[in-house]
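Understanding the architecture of this molecule
Spelled out from the first residue to the last, the chains are:
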Amino acid sequence: MDKEISQAVIRRMPRYYRYLGELLDAGVDRISSNELSSRMKVTASQIRQDLNNFGGFGQQGYGYNVKYLYDEIGKILGLDHQHNIIVVGAGNLGQALANYVKFEKRGFMITGLFDVNPALKGVSVRGIEVRMMEELPEFVQENRVDIAALTMPKEQAEAVAKQLVELGIDAIWNFAHLDLELPEHVVVENVHLSDSLMQLSYNIVKKENDTEKK
């Protein structure tokens with residue numbers, strides 16, 4: 001796949017995957033782009049354009065084979081092989097991530113938890129013991145780590161992210177409220193929970209204002 005795919009298309013692919021999974025669970029074998037459109041609130045032409053970036057997968061007048069499309073999108077998203085994740089920051093959010101069993105169903109295996117707080121040393125979260133940060137280099141050397149999740153205060157996140165990159169980890173799932181400045185080869189996915197809440201707040205206020213105008 002040589003062509004550059006826009007981030008907007010990539011952001012929609014997990015949604016397609018999720019909806020197709022629900023269709024599979026419901027026993028649906030085949031679906032048209034129009035039917036998928038009504039479920040996802042994305043135009044049928046947009047769905048066809050998105051999927052054509054990766055080869056199309058459908059037949060004119062025949063629609064999409066749900067299982068085949070589900071499997072192919074899974075491959076596009078890299079879900080056909082396992083990703084090992086360590087969580088750096090074993091507070092409430094870090095432990096919540098470690099406890100979220102659905103990650104494993106998608107091939108994301110949390111294999112290590114790290115923190116600086118001595119009170120957390122040896123605490124077990126779903127069978128994973130919290131280790132101290134000084135153990136991190138040895139752990140990364142002895143275990144394959146594909147992704148590091150940062151769930152720590154932003155004051156510490158930059159230094160820890162740079163340490164992770166130096167240890168050879170080049171994919172960061174960043175929950176710290178900070179835009180990391182890392183080398184270009186490092187893939188960073190920022191998750192700003194407060195940004196999402198603020199967007200929700202805006203939409204609540206907008207809805208209230210629209211209602212008052214009526």
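Attention here is on the structure that accompanies the text. (Residues numbered from 1 in each chain as written. Predicted model: local features only at pLDDT ≥ 70, side-chain atom pairs only at ≥ 80, totals over all residues. Heavy atoms only, no water.)

Comments concerning helix 1 (residues 7-25)
Short version of the rule: Where helices and strands are cited, they refer to DSSP runs of H or I of at least four residues and of E of at least two residues respectively, numbered from the N terminus. One less than the number of residues in a helix, times 1.5 Å, gives the span that helix is expected to have. With a 1.4 Å probe rolled over the protein chains alone, any residue whose accessible area is under 20% of its type maximum counts as buried; one over 50% counts as exposed, and the rest are partly exposed. Note on definitions: a residue-residue contact is assigned when non-hydrogen atoms from the two residues lie within 4.5 Å.
Its 19 residues place the ends of helix 1 28 Å apart at the C-alpha level, agreeing with the 27 Å of an ideal helix rising 1.5 Å per residue. Of the positions making up helix 1, those classed as buried are Val9, Arg12, Met13, Tyr16, Tyr17, Tyr19, Leu20, Gly21 and Leu23. Looking at the buried positions of helix 1, the neighbouring elements they touch are strand 1 (30-31), helix 2 (33-40), helix 3 (44-52) and helix 4 (66-76). Downstream of helix 1 by a residue or two, glycine 27 has a phi angle that is positive, lying close to 85°.

Side note on unusual backbone geometry
In the Ramachandran plot, lysine 41 falls in the positive-phi region, its phi being about 60° despite a non-glycine side chain. Exposure remark for lysine 41: the relative accessible area of 72% places this residue in the exposed category.

Here's the deal with the sheet that holds strand 5 (residues 124-125)
Where we set the bar: At least two bridges found by DSSP between two strands are what make those strands a pair.
If you trace the 7 strands from one edge of the open sheet to the other, you get 5-6-4-3-7-8-9, paired in mixed fashion. The strands lining the two open edges of the sheet, one partner per strand, are strand 5 and strand 9 (187-190). Pairing analysis gives 4 bridges linking strand 8 (residues 171-174) to strand 9, with the strands arranged parallel. Residue tryptophan 173 lies in a different strand from strand 9, and its bridge partner there is glutamate 189.

Examining the pairing of strand 6 (residues 128-132)
Residue alternation in strand 6 divides its side chains into a buried set, Ile128, Val130 and Met132, and an unburied set, Glu129 and Arg131. One ladder, built from 3 bridges, connects strand 4 (residues 108-115) with strand 6; its direction is parallel. The residue of strand 6 that forms the bridge with leucine 113 is valine 130. Bridge analysis of strand 5 against strand 6 gives 2 bridges, and the strand direction is antiparallel. If you follow valine 125 over to strand 6, its bridge partner there is isoleucine 128. Taken together, strand 5 and the strand that follows it, strand 6, pair antiparallel across an intervening segment of 2 residues, in which arginine 126 is found at a positive phi of about 50°.

What about the environment of glycine 74?
Take glycine 74: it is sitting in helix 4. Along the chain, glycine 74 and arginine 18 lie 56 residues apart, while their C-alpha atoms are 10.0 Å from each other. Discounting chain neighbours no more than four positions away, the residues touching glycine 74 are Tyr17, Leu79 and Asp80.

A look at the pairing of strand 3 (residues 83-88)
Most of strand 3 sits inside the fold, with 6 of its 6 residues counted as buried. Of the two faces of strand 3, the one lined by His83, Ile85 and Val87 and the one lined by Asn84, Ile86 and Val88 are each fully buried.

Some words on a nonpolar patch on the surface
Heads up, the rule is: Each patch is built from residues that are more than 30% exposed by relative accessible area and take part in no salt bridge. Like charges join if they lie within 9 Å; nonpolar side chains (Val, Leu, Ile, Met, Phe, Trp, Tyr) join within 5 Å. Areas reported here follow the Shrake-Rupley algorithm with a probe of radius 1.4 Å; residue values treat only the protein chains shown as occluding. Should a side-chain nitrogen of Lys or Arg be within 4 Å of a carboxyl oxygen of Asp or Glu, the pair is scored as a salt bridge.
Taken together, Leu197, Leu200 and Ile204 make up a surface patch of nonpolar side chains, about 290 Å² in accessible area. Relative to the assigned elements, leucine 200 resides in helix 9 (residues 193-213). Classification of leucine 200 by relative accessible area gives partly exposed; the value is 47%.

Focus on the environment of histidine 177
Checked against the element boundaries, histidine 177 lands in the loop between strand 8 and strand 9. Through-space distance from the C-alpha of histidine 177 to that of histidine 192 is 6.1 Å; in sequence the pair is 15 residues apart.

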